[in-house]
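Read off the chains here:
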Amino acid sequence: MDLLSRTATCNSHGQESSYFLGWEEYEKNPYDVVKNPHGIIQMGLAENQLCFDLLESWLIQNPDAASFKRDGQSIFRELALFQDYHGLSSFKNALADFMSEIRQNRVSFDSNNLVLTAGATSANETLMFCLANPGDAFLLPTPYYPGFDRDLKWRTGVEIVPIQCSSSNGFRITKLALEEAYEQAKKLNLNVKGVLITNPSNPLGTTTTQAELNILFEFISKNKNIHLVSDEIYSGTAFSSSEFISVMEILKNNQLENNEVFNRVHIVYSLSKDLGLPGFRVGAIYSNDKDVISAATKMSSFGLVSSQTQYLLSSLLSDKKFTKNYLRENQSRLKSRQRMLVTGLEAIGIGCLKSNAGLFCWVDMRHLLSSKTFEAEMDLWKKIVYEVKLNISPGSSCHCEEPGWFRACFANMSEETLKLALKRLKKFVDNGILPRSCQVGESQSLKSSRKKTTMTTVSNWVFRLSFHDRDAEER
Amino acid sequence: MKQLSTKVTSNGHGQDSSYFLGWEEYEKNPYDEIKNPNGMIQMGLAENQLCFDLIESWLAKNPDAASLKRKGQSIFKELALFQDYHGMPEFKKAMAEFMEEIRGNRVTFDPKKIVLAAGSTSANETLMFCLAEPGDAFLLPTPYYPGFDRDLKWRTGAEIVPIHCSSSNGFQITESALQQAYQQAHKLDLKVKGVLVTNPSNPLGTALTRRELNLLVDFITSKNIHLISDEIYSGTMFGFEQFISVMDVLKDKKLENTEVSKRVHVVYSLSKDLGLPGFRVGAIYSNDEMIVSAATKMSSFGLVSSQTQYLLSALLSDKKFTSQYLEENQKRLRSRQKRLVSGLESAGITCLRSNAGLFCWVDMRHLLDTNTFEAELDLWKKIVYNVKLNISPGSSCHCTEPGWFRVCFANMSEGTLDLALKRLKTFVESTDCGRMISRSSHERLKSLRKKTVSNWVFRVSWSDRVPDER
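Residues numbered from 1 in each chain as written. Chains lettered and ligands numbered in written order. Predicted model: local features only at pLDDT ≥ 70, side-chain atom pairs only at ≥ 80, totals over all residues. Heavy atoms only, no water.

This part covers the overall build of chain A. A count of helices and strands for chain A gives 18 helices and 15 strands. Within chain A, buried positions represent 63% of all 475 residues. For chain A, restricting intrachain contacts to residue pairs at least 6 apart in sequence, the fraction spanning at least 24 positions comes to 75%. For chain A, the accessible surface area stands at approximately 18300 Å², while carbon and sulfur atoms represent 51% of it. (Helix = DSSP H or I, 4+ residues; strand = E, 2+ residues; numbered from the N terminus. Buried < 20%, exposed > 50% of the residue type's maximum accessible area, 1.4 Å probe, protein only. Contact = heavy atoms within 4.5 Å. Areas by Shrake-Rupley, 256 points an atom, 1.4 Å probe, with all protein chains shown as cover.)

Structure below.
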């Protein structure tokens, strides 16, 4: 229809992908322990529901924060009128400190370099508008969050060129893959403006390793027009803070503060995952480049954070006793919940990529495919959604180049629901369409790979599969 | 710098305009009754600070809404997780009903056709993304809100072509001005996708007349283009006339459910009527399903905080509150506008006769050295730096005639307004020019009162009605 823009009528919002279609099926028939016990269990939503009790208890002890009061006095007017796109300074200070705390104060963040946005969705899009022109490209390691197709490309006109990662090395970014992606962009006549990574990774659930970060920094040091954007939205979900390495730390450890590369590294953050508050729309861009900060600040006009919310959260995050306890408790609960999923899957003969962060596991169901194709992955996915009644995300929706991988979330439901989901999956695998020989073969291959892995500790680490030495210890 | 996008390196954010520079001066030296009584008085910010007591009193009586509780039970978790871009149904219903109430319940709004956005800034930009390609143009009557240069053009690549309005007829939109703008766009090789009006107008403070609205609807019908009506100030209509929305016109012309109605869109926000710019609540209303669908997905980039949606759905669902608020808001705005108008009049300064908004469109042409924009800027600087009032020069609003200024009246106390008027009067009278001019404008005033028909047509503040109310 000529009357609407191409942007409105095209499909690059990406919302016809299976990622979103699974949601729709769930909406039609959602599981409820009492009202709909046979409904679809939502395992496709990366929400953190494990620590609401901590937040609610804080709210009860600190009623002023939500009631527009400061020291018992109403500040309603002040908040109602506050629309400064520089953001509430008490909130930015608290957020900057929180980000430092997550990184165990190995690095510190200057609130003047922070731009608030309505969620990381807004932050990522805004950064694209700042760093790239229509037709420019960003390189992203696969698999990646399906929402990026909309957030980075839709209205900005920016392209994504994938950095293909494979299970052969645990989906790590390699120098070769990075260079191949760069060449591919050149072939497509696209000007590469940057690399964007999610660290910890969605959907992998793994923190980016020092080696990978070195490769990335080497790449952007060599190519001086290329930016590095690190979406660290899951930083607070790393089960162990010492295993998460932020790009800020690389800059600090290599003393790059006076190097021009300092201005080409940007971080995106949000409170949607670590604090479980996606509804409050709190995101941020962090950059050392004054021009980027200045432009992004003006652009944030299109998605400011509600002052009501800024005030509530500035109180919450300024409470260091709370944040310290929260971060520790959050990590502990996530780790234990991930363990439950991993061991439950293992009991069904299903392995996961060894993960140390995030709200999901990257599950290996390649052995359940009827053929090594994406069509077979889709068939399997449909069975899991419609017959097993679990909404999980197929790897193809995350642009994974190998069929058979699925992202399964574990932090958006109760323990009982997770156990039920595992029970249903076990039943499906035990009674399923697969001939018995496949199942036997699969558990045999598990056994033999276990043997292999105990002998070759290096490949265990490289392969990052969940059935390895460490599991034996923790069991 | 090649490393950043052209959006960053160009000036498309429009923030070098005087509109924003006045703000900066104010920030350096802000008036405070006690701490800085000689500081600059902010009259360039269209905020509504007149009715906070009503909202605060409601909050005190209804503590659950802010405390994330429903009937005493915590719904924190539910709200924390709610990020559905379709928006909270209770909130959209309450918004739809509030919009109906503002229009005297003459028209209905379907909550399903509402798309929430983080303020009308976000709503307007989103509509541009939905309706225009880079290089397409929208026609806007001048003078217009300076923020549109950023909101409509910056990241979208859309262009604005002005529909020139002049003081000769009270800045009303005429058919010939519309056609001229359309031709001008054609000359510039720009494809016109629609017309955008602000009704009531910023900076004029006037509601569009039925004649203008009919003209607009006929125009977009014949050209097969869109009409966006930014009705952000609809609840600030304090005149005795009724506010006529573009929705009223569609209904009266029996165009509801026609193809034309799909090309008419309304933008709304709670920033002006309720005085809540900090809460970032805006909305797009459209009869076109495809636009609602695309805009809904785009709203992901600027959703309204669920904490805020919940608070405001409780507030706006209270019909006793909304009806009392709307009435009181209008009353207070009317009285405050009159205070400004008569204060200006006693300094020999007149305004465009206004019946809405949070500001007056002030005629200072007689204070210019020459009939030029340079002289306007000189006068503006004097007013900012010497008189210490931040007001907005007409050129920042793309007015085609020098000498007009937008002066806000609802963002300060009565006492502060009186002080501002006193300073202005002193300034006008202190200059030789000023003395001569106040005398001649007084004469002009007398002669204009005689011409009652032209008063109405000219929409100037000294009309028949005024002697009654004095």
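Moving on to the interface of chain A and chain B. In this assembly, 72 residues from chain A lie in contact with 71 residues from chain B. Here chain A packs against chain B, burying approximately 6300 Å² in sum over the two surfaces, 59% of which is carbon and sulfur. Interface area lost by chain A to chain B is led by A:Leu3, A:Arg155 and A:Phe302, which between them contribute 13%. Viewed at the interface, chain B and chain A are joined by two salt bridges. (Buried area = accessible area lost by both parts, 1.4 Å probe. Salt bridge = Lys/Arg side-chain N within 4 Å of Asp/Glu carboxyl O.)

Once that is clear, we can look at unusual backbone geometry. The peptide bond linking A:Thr142 to A:Pro143 adopts the cis configuration, its omega dihedral lying at -5°. Relative to the helices and strands, A:Pro143 is located in the loop between strand E5 (136-141) and helix H7 (148-153). Residue B:Pro143 is bonded to the preceding B:Thr142 through a cis peptide linkage, with omega at -5°. You will see that A:Gln104, though not glycine, has its phi angle at about 50°, which is positive. Taking relative accessible area as the criterion, A:Gln104 reaches 42% and is therefore assigned partly exposed. In this structure, B:Asn105 takes a positive phi of about 55° despite not being glycine.

This next bit is on the packing of helix H6 (residues 89-102) of chain B against helix H14 (residues 319-345) of chain B. Residue and element names in this part refer to chain B. Relative orientation of the contacting elements H6 and H14 amounts to 35°, with a least axis distance of 11 Å. Between H6 and H14 lies a crossing of right-handed hand. Together, Glu 97, Phe 98, Glu 101 and Ile 102 of H6 and Lys 319, Thr 322, Ser 323 and Leu 326 of H14 make up the contact between the two elements. Residues of the contact of H6 with H14, tallied by class, amount to three nonpolar, two polar and three charged. (Axes fitted to C-alpha atoms, helices over the stretch in contact; angles between N-to-C directions. Left-handed = near helix turned anticlockwise from the far one by under 90°. Nonpolar A, V, L, I, M, F, W, Y, C, P; charged D, E, K, R; others polar.)

Looking now at the UniProt feature "domain: Aminotransferase class I/classII large" (unreviewed entry) in chain A. The residues that UniProt annotates with the feature "domain: Aminotransferase class I/classII large" (unreviewed entry) are residues 41-425 of chain A. Split by type, residues 41-425 of chain A is 40% helix and 16% strand. Its first and last C-alpha atoms lie 11 Å apart. (UniProt positions renumbered as here; feature names shortened; annotations may be inferred.)

The next subject is the confidence of the model for chain A. Residues of chain A with pLDDT of at least 70 account for 88%, and the chain-wide mean is 90. This model gives residues 434-475 of chain A a pLDDT under 50, and the stretch forms 51 contacts once residues within four places in sequence are excluded. (pLDDT = per-residue confidence, 0-100.)

For the rest of this paragraph, the subject is helix H3 (residues 52-61) of chain B. For H3(B), the full list of buried residues reads B:Phe52, B:Leu54, B:Ile55, B:Trp58 and B:Leu59. For H3(B), the buried positions fall inside an angular range of 160° around the axis, keeping them on one side. When the buried face of H3(B) is taken as reference, the exposed residues oriented beyond 90 degrees from it are B:Ala60 and B:Lys61. Those residues of H3(B) that are buried are in contact with helix H4 (76-81) of chain A together with helix H4 (63-66), helix H13 (306-317) and H14 of chain B. (Arc of directions from axis to C-beta.)

This next bit is on the sheet that holds strand E10 (residues 282-286) of chain B. Residue and element names in this part refer to chain B. The strand order across the open sheet built from seven strands is E4-E10-E9-E8-E7-E5-E6, with neighbouring strands paired in mixed fashion. Looking at the sheet topology across the chains shown, the edges are occupied by strand E4 (114-117) and strand E6 (159-163). With direction set aside, neighbouring strand axes in the sheet form an average angle of 25°. In the packing of helix H7 (residues 119-131) onto the sheet, contacts are made with E4, strand E5 (137-141), strand E7 (192-198), strand E8 (226-230), strand E9 (264-269) and E10, and the angle to E9 comes to roughly 160°. (Pairing = 2+ DSSP bridges.)

Residues and elements named next belong to chain B. Examined against the element boundaries, Asn 38 turns out to sit in the loop between helix H2 (18-28) and strand E1 (41-42). The class of Asn 38 is exposed, set by a relative accessible area of 58%. Taking the C-alpha atoms as reference points, Asn 38 and Asp 53, separated by 15 residues in sequence, lie 28 Å from one another.

The next point concerns the packing of aromatic side chains. According to the stated counting rule, one finds 27 aromatic pairs over all chains in the structure shown. Here A:Phe52 and B:Phe76 contribute two aromatic rings whose centre-to-centre distance is 6.0 Å and whose plane-to-plane angle is 80°, an arrangement assigned as edge-to-face. Remark: B:Phe76 occurs in helix H5 (residues 76-81) and A:Phe52 occurs in helix H3 (residues 52-61); the pair is interchain, linking two chains. Considered together, A:Phe52 and B:Phe76 belong to a single accessibility category, that of buried residues. Each ring, one from A:Phe280 and one from B:Phe76, has its centre 6.1 Å from the other, and the planes form 80°; the classification is edge-to-face. (Phe/Tyr/Trp six-rings, centres within 6.5 Å; stacked < 30°, edge-to-face > 60°.)

Take empty space enclosed by the protein next. Residue and element names in this part refer to chain A. Scanning the model with the defined rule gives twelve cavities of 30 Å³ or more in all. Taken as a whole, the largest cavity holds about 200 Å³ of empty space. For the lining of the largest cavity, the secondary-structure elements that each account for two or more residues are E5 and strand E7 (191-198). The biggest single contributor to the lining of the largest cavity is E7, with three residues. Looking at the lining of the largest cavity residue by residue, the class counts come to eleven nonpolar, seven polar and three charged. Empty space within the second largest cavity amounts to approximately 150 Å³. (1 Å grid on protein atoms, 1.4 Å probe; cavity = no way out; pocket = protein on both sides within 12 Å on 5 of 7 lines; lining within 4 Å. Points joined across faces, edges and corners; volume = space filled by probe spheres on them.)

Another point: the pattern of salt bridges. Residues and elements named next belong to chain A. Under the defined criterion, the tally for this structure stands at 40 salt bridges over all chains. Of the charged contacts in the structure, one is a salt bridge between Glu 78 and Arg 70, with a shortest N-O distance of 3.2 Å. Assessed through its relative accessible area of 38%, Arg 70 is described here as partly exposed. Residue Glu 179 pairs with Lys 222 through a salt bridge whose shortest N-O separation is 3.8 Å. Remark: Lys 222 occurs in helix H9 (residues 210-222) and Glu 179 occurs in helix H8 (residues 175-187); sequence separation between them is 43 residues.

By secondary structure assignment, the location of B:Thr308 is in helix H13. With a relative accessible area of 0%, B:Thr308 lands in the buried category. A C-alpha to C-alpha distance of 37 Å links B:Thr308 and B:Leu352, two positions 44 residues apart in sequence. Sequence-distant contacts of B:Thr308, that is, excluding residues within four places in its chain, are made with A:Ser306, A:Gln308, A:Thr309, B:Phe279 and B:Val281.

This brings us to the environment of A:Glu218. The topology assignment puts A:Glu218 in helix H9. Once the C-alpha coordinates of A:Glu218 and A:Gly194 are considered, the two residues, 24 residues apart in sequence, prove to be 13 Å apart.

Turning to the UniProt feature "domain: Aminotransferase class I/classII large" (unreviewed entry) in chain B, a few remarks are in order. Within this numbering scheme, the UniProt entry marks residues 41-424 of chain B as carrying the feature "domain: Aminotransferase class I/classII large" (unreviewed entry). Taken end to end, residues 41-424 of chain B comprises 42% helix and 15% strand; its first and last C-alpha atoms sit 11 Å apart.

Residues and elements named next belong to chain B. Confidence in the prediction of chain B, expressed as mean pLDDT, is 91, and 89% of residues score 70 or more. Contacts of residues 448-470 to residues separated by more than four positions or lying in other chains number 43 contacts, the stretch itself having pLDDT below 50. Predicted complex metrics record ipTM = 0.91 and pTM = 0.90.

Right, let's get into the packing of H6(B) against H13(B). Residues and elements named next belong to chain B. Following both chains from N to C, one finds H6 and H13 inclined at 40°, their axes separated by 8 Å at the closest point. Accordingly, the angle class assigned to the pair H6 and H13 is oblique. As for how H6 packs across H13, the hand of that crossing is left-handed. Contacts from Glu 90, Phe 91, Ala 94, Met 95 and Phe 98 in H6 reach Gln 309, Leu 312, Ser 313, Leu 316 and Ser 317 in H13. Of the residues assigned to the contact of H6 with H13, the class counts are six nonpolar, three polar and one charged. (Parallel < 35°, antiparallel > 145°, perpendicular 65-115°, else oblique.)

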